[in-house]
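Working through the structure, step by step
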Amino acid sequence: MRRPKLEVADVFHRHGADWRRANAGHVSLGQRQVMSAIEQCRSAALGGHVERCEDCGHSRIAYNSCRNRHCPKCQGAAATDWLAARKADLLPVGYFHVVFTLPAAIAPIAYQNKAIVYDLLFRAAAETLLTIAADPKHLGARIGATAVLHSWGAAMTHHPHVHMIVPGGGISLDGTRWVRCKPGFLLPVRVFSRLFRRLFLAALADAHAAGRLAFFGEIEGLRRREAFAAHLAPLKRKRWFVYAKPPFSGPEAVLAYLARYTHRVAIANSRLIALDERGVTFRYKDYRRNGQARYRTMTLGAGEFIRRFLLHVLPKGFHRIRHYGLFANAKRVNNIALARRLLSLPDAIPSSGESNGAESSQQHEEWNACPCCGGRMIIVETFEPGCQPRRWPFPSIGLDTS
């Protein structure tokens, strides 16, 4: 895989130090750690190894990855591993894509209280989905969902929302049959919107009353209960955005979609176009437009680009991919086995440790295939962080740090 001409790391290398000095006292430890990890990713600072082809002798340096979940370069392998583990959970039914979005008035509160508000967003969205699905007036079934938190809009603005992948049906409440949803229709989004609004606002008010929320800067006045209640009052009358897309064509499409969404970060390196005296130019989609007019470019000053990118650094240990209902971790295996029986499918054959090892070995060999002749690349030297290899690749071949 070829390295993009421009990366977020290049922006941090060129402007990160000045930005940190200019914003001293306003940059969290987590944000500094993310910047440092991205700057050092796949460089000598993290160490690495030298590989050489057994057949033609081609050699290259492979530097270690930072493995930070906010790093644009490290998410491809993480997504591949996660999706491989999720294959056994897929059912041969249509899957829907449901999006729960917080109103703009909540975004500043969410930013200053990420762990609490994002968790409430997950919980309210999941409870909304499971409650309405279990209602006999709608589906009357226990369903499952995989939820992924995104905190950004197309231009990296703060826009918290949860994407959910939901199978088109569930297990009946008595556990005796599979209940299918109507063709092309999961559940009524207007009912979703009202219940989601009520559940989230009630939970947010409880968190405020318990003194769990912090308020600084422009929203510091919301510490007072009366001001907070007045701020939320208009939101109780507003329709909240919940969107449900038509079903996917099959499990393969679900996997392809999840691959794009589960491990996405605020901006991919492939969207970056230029870094110059004007700032950072990148591609984005304007969803208010249609057709080719939707695809646009934007230029932000380097400092503003860094600020927007770091808006989306999550609290340490916060899980941004969660499973609910039938897919909840505690009972997922049993629930999926029951669903397969009710759908008259054979039981899934669990992979043995030996086959998993063989598969991993095969993937490792494919990953390390020689770009010149297709032969097997073997590791001939490893070197520690901050060090350089003793056996440099041959000058006639050059380096490959991708």
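What this report covers is the structure whose coordinates are included nearby.

Procedures and definitions
Residues numbered from 1 in each chain as written. Predicted model: local features only at pLDDT ≥ 70, side-chain atom pairs only at ≥ 80, totals over all residues. Heavy atoms only, no water. Helix = DSSP H or I, 4+ residues; strand = E, 2+ residues; numbered from the N terminus. Buried < 20%, exposed > 50% of the residue type's maximum accessible area, 1.4 Å probe, protein only. Areas by Shrake-Rupley, 256 points an atom, 1.4 Å probe, with all protein chains shown as cover. Lys, Arg positive; Asp, Glu negative; His and termini not counted. Charge placed at Lys NZ, Arg CZ, Asp CG, Glu CD. Phe/Tyr/Trp six-rings, centres within 6.5 Å; stacked < 30°, edge-to-face > 60°. Lys NZ or Arg CZ within 6 Å of the ring centre and 35° of its normal. Salt bridge = Lys/Arg side-chain N within 4 Å of Asp/Glu carboxyl O. Expected span 1.5 Å × (residues − 1). Contact = heavy atoms within 4.5 Å.

**A look at the overall build of the protein**
When its secondary structure is counted, the protein shows 11 helices and 14 strands. Across its three principal directions, the C-alpha atoms of the protein cover 70 × 60 × 45 Å. In the protein, which comprises 402 residues, the share counted as buried stands at 47%. Of the roughly 21300 Å² of accessible surface on the protein, a fraction of 52% belongs to carbon and sulfur atoms. Here the protein contributes 57 positive and 30 negative side-chain charges, whose respective centroids are spaced 9 Å apart.

**A closer look at the packing of aromatic side chains**
Within the structure shown, the criterion is met by 12 aromatic pairs. Taken together, the ring pairs connect F100, F192, F196, F200 and W240 into an aromatic cluster. Stacked on the ring of F318, the Lys or Arg R322 has its end atom at 4.8 Å from the ring centre.

**Points about the pattern of salt bridges**
Summed over the entire model, instances satisfying the criterion amount to 14 salt bridges. Residue R20 pairs with E39 through a salt bridge whose shortest N-O separation is 3.3 Å. Of this pair, R20 sits in helix α1 (residues 8-22) while E39 sits in helix α2 (residues 29-40), placing them 19 residues apart in sequence. Look at E39 and you get buried, because its relative accessible area is 16%. The partner of R308 in a salt bridge is E304, and the shortest N-O contact between them spans 2.8 Å. Placement of the pair is R308 and E304 together in helix α9 (residues 302-310), with a separation of four residues, close to one helical turn. Classification of R308 as buried rests on a relative accessible area of 15%. According to the relative accessible area criterion, E304 is partly exposed, its value standing at 26%. Each of the salt bridges in this network shares a partner with another, and the network as a whole consists of D119, R123 and R322.

**Digging into helix α6 (residues 189-209)**
End to end, α6 covers 30 Å across 21 residues, agreeing with the expected 30 Å (1.5 Å per residue, within 8%). Listed in full, the buried residues belonging to α6 are F192, S193, L195, F196, R197, L199, F200, L201, L204, A207 and H208. Here the buried face of α6 lies against β3 (95-101), α5 (114-134), α7 (225-232) and β9 (242-245). Just past α6, the residue G211 takes up positive phi, approximately 75°.

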